[in-house]
Amino acid sequence: MSNKNAIQLDAVSKSFDGFKALSEASFTARWGEVHALLGENGAGKSSLMNIAAGLYAPETGSLFIDDNLVRLKGPLDASTQGIGMVHQHFKLVKPFSVAENILLGLRNDQALSFRQRLQQTAEEIKTTAARLGFTIDPFARVDQLSVAEQQRVEILKVLLAGARILILDEPTAVLTDAEAENLLTTVQNFAHQEGAAVILVTHKMNDVMRYADEVTVMRTGRTVASLKPQSVTVGELVKLTVGDAPTPPQVPASRAAGEVKLEVSELCSTNPNAPILRGVNLSLHAGEIYGIAGVGGNGQSELAGALMGLPEPVSGSMQLVGEGDLRDLSASRRRELGIACIPADRYSAALAAPLSISDNFAMGEIHSGRYGPFWFLRRRRIEADTAAAVSEFDVQGVRSLQQKAALLSGGNAQKLVIAREFSRQPQLVIVHSPSRGLDVRATLAVHQRLRSARDAGAAVLLISEDLDEVMALADRIGVMSAGRIIGEFAQPADRQAIGQAMVNHV
Amino acid sequence: MFDATNFQPLLARRYTLEVRQQMAWYWQALVIALALLVGLLISAAILVVAGVPAGELLNEFVILTLFDAQSLRAVLFQAAPLIMVGLAGCVAFRARFWNLGLEGQMIWGAIGATAISLFEIGPPSMRLPLMLLSAVVCGLIWALAPVLLKLHLKVNEIISTLMLNYIALNFLLHLVYGDWKDPRDNFPYSPQYRVFERLPDVFDGLSLAIVLATLVAFLVLWFTNVSRAGLYLRFVDNSPGVARAVGVPVNRVILGTVLLSGALAGLAGFMITAGQEGRLTHSFYVGYGFSGILIAFLARNQPIAATVVALLVATLFVAGRSLQVFYQIPFSMVQLIQAILVICVASSEFFIRHRIRRIQGGQS
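Residues numbered from 1 in each chain as written. Chains lettered and ligands numbered in written order. Predicted model: local features only at pLDDT ≥ 70, side-chain atom pairs only at ≥ 80, totals over all residues.

Caption draft 1: Main features of the overall build of chain A. Within chain A, the regular secondary structure consists of 17 helices and 20 strands. The C-alpha atoms of chain A give a radius of gyration of 24 Å, which matches the 23 Å a tight globule of 506 residues would have. Along the three orthogonal principal directions, the C-alpha set of chain A runs to about 70 × 50 × 50 Å. Within chain A, the proportion of its 506 residues that are buried is 49%. Across chain A, every contact between residues at least 6 apart in sequence was considered, and the portion connecting residues at least 24 apart equals 71%. (Helix = DSSP H or I, 4+ residues; strand = E, 2+ residues; numbered from the N terminus. Rg over C-alpha atoms; globule rule 2.2 N^0.38 Å. Buried ≥ 20, exposed ≤ 12 C-beta atoms within 10 Å, placed from the backbone. Contact = placed C-beta atoms within 7 Å.)

Below is the structure:
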């Protein structure tokens, strides 16, 4: 490991619409190291790295690459300087092939025809992939790849563009344990063996402890510490990140579950081209959290969609005891029965980002007529209810109820969804990856809400690809694989056994 | 880490561009008003180049058009149907339905009204309300097919509404050159409406049409901003996927809104035939479809703003006509001015989305 600085950001500040995202943040990564940038949601990690990648222009501060002062005019400049960033939300053209996507990011300085360049790129993709220890078909369409594979395409894209400083923004958020391990080992090799600099933007303590050589901690737009992760404990690191140490998640106490609330039987996808669900059977009791664990892409999204009342082509039944099939219930009836849904993707299924917080909140009770008849909206009542819910559910960052929902950070947007869905005492809660992209504190708050809903007698179905989350919350755990529940475990369950079931079953 | 000697800011410029998250509506209105002003100044420059003396221009546009009682009446008279098509555009676009069939719906509105007059349906005292009702229903029905096709078969409404215009137009020509032609002369129009079939003046030459238009504008405002349907519509407009997921009856909202759009366009047809022409003519609708879209765009689909913009467009129409008479300026100049205004307002979007801010304490 050399001691030369690869990239150094000095006292960088940046504001968005009056909000100071970064105040005098400084960060230094050396060649040959995996440098973790740790912090809660909204701490400014992504903003700082977007400045490093030339996407944002800072207001003050300076940037050094290889100890030379540089000014980046844009991402292309950054790429010339050898900086490559893999964003949390991939920037790939879905209907294009892997090779086409990668070619898009390369400079057109050759006298070759498009077809020749494509062929050449394909070869480079194969060699680079082999060097990093995986294989990928350069001519596969991107939308047919799994999330983990798409991420590899992103990495190849920046590496083939010549990146020596690789920035990965929350790379493991969408991966399973095994995939994450794979990825982190790969980038570790890239740093240690090839002498590159890898910056890992994350809020996962375990990734930091296991893979980082150095960690910089950010809090509210400032860099608060830079140290070797081996020299501290997880507790100390958590304390640095959140300011005060939160209580660790606990395995829920077993309690006597009530009668059956929801009976799903033989739920199958009816689309013959995508038979994703292949006969899901489960029964959910009142007063329990039933967790569905599994590797992503085994039908969890489809199951969640069907249960949440989205137009999902399925056969089989989803009987809500005493009320009939979930599909036959209108939106207003679902609300009346206290069915609460918390989808995985907040901004495509729960919140209209450009609309105000109060407009979004109003949808919870709009059907019941609480907010007036069809021809009149009782705005004052909506605002009062929203204000009460915002304070009760601790939604932060609300400057005004008329502010767009898009301005909320991930955790607070999730709290707003929960506030709306739980505005009536929930009887049946269907949640999908509720803590995806949330920091430690927000995750704990969300988990606490789910536990108290259960303790109040609600039946909670938790679908999550994060095994730790399922282990921490669920009273019973079903493992989903290839569109079926292939095994059930009662708490206290053996993490190893569940992990085995998740990956072994075909 | 911080070395003052070689410290240099990343940016030497003292101004920075920020993406704005939100802008209060009155600032947005101010920006748009300024953009309109810039557009008008450019237009004035073009008119001066085209041969209108600069002093006369101000006289023509501002003094004569707005401060002369007769011209002002002409502007208001012209504005009523423009307000209707503008509103029709606003509501349809809010449902993400690109209703390019405003003209077809206007034609059917006019045909519906004329049929009541021609066949003398109802007593004279009820004739005008019946004509209005008939126009509304006919306009609405002409919008029904495209919206049903879109909702059930995903047929692109841009094509279907546009093509239905031609059907409506040819049917109109069939009527005014055929069975409905005024027997007294040979021109392609229907017989003159009787006096009680025409929109009366309420006082001092102010047509009932403009009163009606204002009233309808407030009803549409109610629909979009006060009713629950308006809230649903905001969800459909901004995030159709979320709307469905949170229980908005998306299809019903789209259906209702598009039918309202058709009804408003039908009303515009009624206002022209019963308010201005006094009969069904073969070309009364020309230009209104484009103007409706333009007004809705300039007004950002806001009903009250649409009313104001419609008044502006009407002023342009009236002033354009007198420029045509006195300075031989072609009427297409009016369309050019419209286009300039649209481009200016579209560009002003940049200032609504961004903020230019001076960096405090930035070194140079």
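Caption draft 2: Region of interest: the sheet that holds strand S15 (residues 324-325) of chain A. Residues and elements named next belong to chain A. The strand order across the open sheet built from four strands is S12-S11-S14-S15, with neighbouring strands paired in antiparallel fashion. One side of each edge strand has no neighbouring strand; the edge strands of this open sheet are strand S12 (278-285) and S15. The pairing of strand S14 (residues 314-320) with S15 spans two bridges and is antiparallel. Residue Gln 319 lies in a different strand from S15, and its bridge partner there is Asp 325. (Pairing = 2+ DSSP bridges.)

Caption draft 3: How the structure looks around the environment of A:Val470. Residue and element names in this part refer to chain A. Its place among the elements puts Val 470 in helix H16 (residues 467-473). Each C-alpha atom, one on Val 470 and one on Ile 486, is 16 Å from the other, the two residues being 16 residues apart in sequence. Among residues more than four places away in sequence, those in contact with Val 470 are Gly 291, Ala 293, Leu 462, Ser 464 and Ile 477.

Caption draft 4: Representation of the packing of helix H3 (residues 69-94) of chain B against helix H12 (residues 303-327) of chain B in the model. Residue and element names in this part refer to chain B. Put simply, H3 and H12 touch, their axes get as near as 7 Å, and they point 135° apart. Taken together, the axes of H3 and H12 lie oblique to each other. At the point where H3 passes H12, the crossing takes the right-handed sense. When H3 is examined against H12, the residues Ser 71, Ala 74, Val 75, Gln 78, Ala 79, Leu 82, Ile 83, Gly 86, Leu 87 and Cys 90 are found in contact with a partner set consisting of Pro 303, Ala 306, Thr 307, Val 309, Ala 310, Leu 311, Val 313, Ala 314, Thr 315, Phe 317 and Val 318. (Axes fitted to C-alpha atoms, helices over the stretch in contact; angles between N-to-C directions. Parallel < 35°, antiparallel > 145°, perpendicular 65-115°, else oblique. Left-handed = near helix turned anticlockwise from the far one by under 90°.)

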